[in-house]
Amino acid sequence: MDVSFDSIPKDKLLERVMERVGDGRVLGLIDSWLQQDVMHDMERWTPTSGTRVERSKGTPQGGVVSPVLANLFLHYAFDAWMARECPDLPWCRYADDGLVHCRSEAEAIAVKAKLAARLTECHLDLHPDKTRIIYCKDGNRRRKYPNTKFDFLGYTFGPTDVKNRERKEVFTSFSPRVSSLSIKNMRRVIRELNLRRCTHIELADIAQEINPILQGWLNYYGRYSPAAMDPVWHYVNATLVAWVRRKYKRYNGKKERASLLVKFIANKRRRLFVHWRRGYTGSFA
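Quick notes on the rules
- Residues numbered from 1 in each chain as written.
- Predicted model: local features only at pLDDT ≥ 70, side-chain atom pairs only at ≥ 80, totals over all residues.
- Heavy atoms only, no water.
- Pairing = 2+ DSSP bridges.
- Helix = DSSP H or I, 4+ residues; strand = E, 2+ residues; numbered from the N terminus.
- Patch = residues over 30% accessible without salt bridge, like charges linked within 9 Å, V, L, I, M, F, W, Y side chains within 5 Å.
- Areas by Shrake-Rupley, 256 points an atom, 1.4 Å probe, with all protein chains shown as cover.
- Salt bridge = Lys/Arg side-chain N within 4 Å of Asp/Glu carboxyl O.
- Buried < 20%, exposed > 50% of the residue type's maximum accessible area, 1.4 Å probe, protein only.
- Expected span 1.5 Å × (residues − 1).
- Arc of directions from axis to C-beta.
- Contact = heavy atoms within 4.5 Å.
- Polar contact = N/O pair within 3.5 Å; in protein donor to acceptor, adjacent residues only side chain to side chain.
- pLDDT = per-residue confidence, 0-100.
- Axes fitted to C-alpha atoms, helices over the stretch in contact; angles between N-to-C directions.
- Lys, Arg positive; Asp, Glu negative; His and termini not counted.
- Charge placed at Lys NZ, Arg CZ, Asp CG, Glu CD.
- Core = buried A, V, L, I, M, F, W, Y, C linked by side-chain atoms within 4.5 Å.
- Parallel < 35°, antiparallel > 145°, perpendicular 65-115°, else oblique.
- Left-handed = near helix turned anticlockwise from the far one by under 90°.

(A) Representation of the pairing of strand 4 (residues 91–94) in the model. Here strand 4 pairs with strand 5 (residues 97–100) via 4 bridges, running antiparallel. Looking at strand 5, one finds that Arg93 is bridged to Gly98. Between strand 4 and strand 5, which pair antiparallel one after the other, the connecting turn spans 2 residues, and Ala95 there sits at a positive phi close to 55 degrees.

Here it is as structure tokens:
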């Protein structure tokens, strides 16, 4: 499920806010925020450029209070409605993305139709492309369906081959792993730090800068299917090799020798980088 907040009616939203907020000054501020116009064509903004567009509905795109207001509105539009109308179905929601677990395809189709009607009643729309019925295929559910995986909160949920260590058997499980888009974004973050050109600092300085980032990724994305994070650790190691080749002239143009050096350091100083501590000290070339 994916919902667009561009059509939230301001009067309905304010009614819901008033149920939670009693301070008139705060209500006045929220009302002012909702009435603010927006500027389009902001990529090369100057005081005289951009297009001012009046808004009659929706929450301001990019506004700091918009996620809170939208979440409050959707609590009534979706959360409370699901608890009332589908009390026996497990569901979860984060901001404008959500999941509803159904017991059959027929039930999923019926719930999707009811949900679409409910959101229409609340002046919201289900995203036509991102709202889909997914078949949770695994070792027990083996039917063929066009959609057997989906992305949610940076993870891809889908059929995955898993090894049972006790029985030493491989079976198919419907489980989460870091999504390819998340891996792409993590690589982009490392690339934008431009570490390869930071030849004025030492390896320990690089570790101090990126370890908090790597630890956060490991804590979140490494919780399930940690091996799926290997491309990220490989990219970090490759970045360190590129740094060595730029910093030390004797390794310039000698990728293999630089790789061996970083691998040697990784084995000697495993505590230096977060992923080295977890044993990701290979794949440097």
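That covers the picture; the talk isn't over yet.
(B) Representation of a nonpolar patch on the surface in the model. A surface patch of nonpolar side chains, amounting to about 310 Å² of accessible area, comprises Tyr94, Leu153 and Tyr220. In this fold, Tyr220 is placed in helix 6 (residues 203–221).

(C) Summary view of the pattern of salt bridges. Under the counting rule described, the total for this entry stands at 10 salt bridges. For the salt bridge of Arg103 with Asp88, the shortest nitrogen-to-oxygen distance reads 2.8 Å. Note that Arg103 is positioned in the loop between strand 5 and helix 4 (105–121) and Asp88 in the loop between helix 3 (66–85) and strand 4, a separation of 15 residues in sequence. Judged by its relative accessible area of 58%, Arg103 falls in the exposed class. Several salt bridges converge on common partners, so that one network encompasses Asp88, Arg103 and Glu107.

(D) Spatial organisation of the environment of Asp230. Assignment of secondary structure puts Asp230 in helix 7 (residues 230–247). C-alpha separation for the pair Asp230 and Tyr280, spaced 50 residues apart in sequence, amounts to 7.9 Å.

(E) View of helix 2 (residues 24–35). The terminal C-alpha atoms of helix 2, which comprises 12 residues, lie 17 Å apart, in line with the 16 Å expected from a rise of 1.5 Å per residue. If you check which residues of helix 2 are buried, you get Leu27, Ile30 and Leu34. Down the axis, helix 2 shows its buried residues gathered within 60 degrees of arc, on one side only. Residues of helix 2 that are buried sit in contact with helix 1 (10–20) and helix 3. The N-terminus of helix 2 is capped by Asp23, whose side-chain oxygen sits 2.9 Å from the backbone nitrogen of Arg25.

(F) Looking closely at the confidence of the model for the protein. Predicted confidence across the protein gives a mean pLDDT of 85, with 86% of residues reaching 70 or more. Averaged over each element, pLDDT in the protein is lowest for strand 1 (residues 3–4) (56) and highest for helix 5 (residues 180–192) (96).

(G) Seen up close, the sheet that holds strand 9 (residues 169–178). With antiparallel pairing, the 3 strands of this open sheet are ordered in space as 7-8-9. With partners counted over all chains shown, the strands left at the sheet margins are strand 7 (150–152) and strand 9, one partner each. Adjacent strand axes in the sheet meet at a mean angle of 50 degrees when their direction is disregarded. Examined bridge by bridge, strand 8 (residues 155–164) and strand 9 share 10 bridges and lie antiparallel to one another. Bridge pairing in strand 9 places Phe157 opposite Pro176.

(H) Seen up close, a positive patch on the surface. A cluster of like positive charges, contributed by Lys184, Arg187, Arg191, Arg196, Arg197, Arg246 and Lys255, occupies part of the molecular surface. Looking at which element gives the most residues to the positive patch, the answer is helix 5, with 3 residues. The residue Lys255 is located in helix 8 (residues 255–268) in this model. Relative accessible area serves as the criterion here: at 43%, Lys255 is assigned to the partly exposed category.

(I) Layout of the environment of Val21. Checked against the element boundaries, Val21 lands in the loop between helix 1 and helix 2. A relative accessible area of 25% means that Val21 is categorised as partly exposed. Apart from the residues lying within four places of it in its own chain, the contact partners of Val21 are Val26 and Leu27.

(J) View of the nonpolar core. Counting 35 residues, the largest nonpolar core has Phe273 and Trp276 as the members making the most contacts within it. Secondary-structure elements contributing two or more residues to this core are helix 5, helix 6, helix 7, helix 8 and helix 9 (274–277). Leu72, Leu74, Trp81 and Cys102 belong to the second-largest nonpolar core, a separate cluster that totals 28 residues.

(K) Highlighting the packing of helix 3 against helix 4. Their axes nearest at 10 Å, the elements helix 3 and helix 4 cross at an angle of 140 degrees. With respect to each other, helix 3 and helix 4 are oriented oblique. Like other packed secondary-structure pairs, helix 3 and helix 4 cross with a definite hand, here right-handed. For the pair formed by helix 3 and helix 4, the contact residues are Leu74, Tyr76, Ala77, Phe78, Trp81, Arg84 and Glu85 on the first element and Lys114, Leu115, Arg118 and Leu119 on the second.

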